[in-house]
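Structural description and commentary
What follows is the residue order along each chain.
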Amino acid sequence: MPKDEARFPVSIEIPVAWGEMDALNHVNNVVYFRYFETVRIEYLRRIGMLDVLSTAGVGPVLAETSARYRRPVTFPDTLRAEARVSQLDEHGFTMEYRILSQAQQTVTTEGTARVVMVDFGTGRKAPLGEALKQRVLQLEG
């Protein structure tokens, strides 16, 4: 797979399922957001955010997301979904994603997401908190 200067500390493999194909014989565009979600949840698991959700009633909410499709993907293939945090702030962070095709040996899709912390009791924004910021910084290296 190609290497570049960007470091993505969380990387998972995802096999392309036949049912993800659309009428044009490639992975449907909406499926990439599921891939992004899968690697985002793995990132959150690794920094312990899912534990915070269950104990503090505060958790991440997707505020916006986008995708840039570079190359179509077809079955069969195995993808590598990667994630990193590119910006931290008081109430959340920005994530970047990259999807790489094993069959094509290149990046097929890139994406971003803005994630904000929400207090589920009040429905309002909540601080990310110093402990979670430090875990992100540690994972990002």
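Let me sum up the structure you'll find in this document. (Residues numbered from 1 in each chain as written. Predicted model: local features only at pLDDT ≥ 70, side-chain atom pairs only at ≥ 80, totals over all residues. Heavy atoms only, no water.)

So, on to the pattern of salt bridges. In the structure shown here, the tally under the stated rule is seven salt bridges. Linking Glu 110 and Arg 70 is a salt bridge whose minimum nitrogen-to-oxygen distance equals 2.7 Å. Taken as a pair, Glu 110 in strand β5 (residues 106-119) and Arg 70 in the loop between β2 (58-69) and β3 (78-89) lie far apart in primary sequence, 40 residues in all. The partner of Arg 80 in a salt bridge is Glu 82, with the nearest N and O atoms 2.8 Å apart. On the basis of relative accessible area, Glu 82 is assigned to the buried category, the value being 5%. A cluster of three or more residues bridged by salt bridges with shared partners is formed by Glu 42, Arg 45 and Arg 46. (Salt bridge = Lys/Arg side-chain N within 4 Å of Asp/Glu carboxyl O. Helix = DSSP H or I, 4+ residues; strand = E, 2+ residues; numbered from the N terminus. Buried < 20%, exposed > 50% of the residue type's maximum accessible area, 1.4 Å probe, protein only.)

Attention shifts here to the environment of Val 61. In this fold, Val 61 is placed in strand β2. Along the chain, Val 61 and Val 115 lie 54 residues apart, while their C-alpha atoms are 5.6 Å from each other. Ignoring sequence-local partners within four residues, the contact set of Val 61 consists of Arg 114, Val 115, Val 116, Val 118 and Phe 120. (Contact = heavy atoms within 4.5 Å.)

That bond from Phe 75 to Pro 76 is cis: its omega, -5°, falls within 30 degrees of zero. Within the secondary structure layout, Pro 76 lies in the loop between β2 and β3. Although it is not a glycine, Asn 25 adopts a positive phi angle of roughly 65°. Relative to the helices and strands, Asn 25 resides in the loop between β1 (10-15) and α1 (31-46). The partly exposed category is assigned to Asn 25, whose relative accessible area is 47%.

Attention shifts here to α1. If you check α1, its first and last C-alpha atoms are 23 Å apart, about what 16 residues at 1.5 Å a residue would give, namely 22 Å. Of the positions making up α1, those classed as buried are Val 31, Tyr 32, Tyr 35, Phe 36, Val 39, Arg 40, Glu 42, Tyr 43 and Leu 44. Just beyond α1, the residue with positive phi is Gly 48, at close to 80°. (Expected span 1.5 Å × (residues − 1).)

With that settled, the discussion passes to the packing of aromatic side chains. Considering all chains together, one arrives at five aromatic pairs under this definition. An angle of 85° between the planes, with centres 5.5 Å apart, marks the rings of Trp 18 and Phe 75 as edge-to-face. Here Trp 18, found in the loop between β1 and α1, pairs with Phe 75, found in the loop between β2 and β3; they are 57 residues apart in sequence, far enough to count as distant. Taking relative accessible area as the criterion, Trp 18 reaches 58% and is therefore assigned exposed. Arranged with centres 5.8 Å apart and planes meeting at 85°, the rings of Phe 33 and Phe 36 form a pair that is edge-to-face. On the criterion of helical spacing, the pair formed by Phe 33 and Phe 36 is a turn pair, its members being three residues apart in helix α1. The exposure class assigned to Phe 33 is partly exposed, which follows from its relative accessible area of 28%. (Phe/Tyr/Trp six-rings, centres within 6.5 Å; stacked < 30°, edge-to-face > 60°.)

Here we take up helix α3 (residues 130-140). All of the buried residues along α3 are Leu 132, Val 136 and Glu 140. Relative to the axis of α3, the buried residues are bounded by an arc of 75° and lie together on one face. Every exposed residue of α3 that faces more than 90 degrees away from the buried side is listed here: Glu 130 and Gln 138. Buried residues in α3 make contact with α1, α2 (49-56), β3 and β5. Phi for Gly 141, located one or two positions after α3, is positive at around 75°. (Arc of directions from axis to C-beta.)

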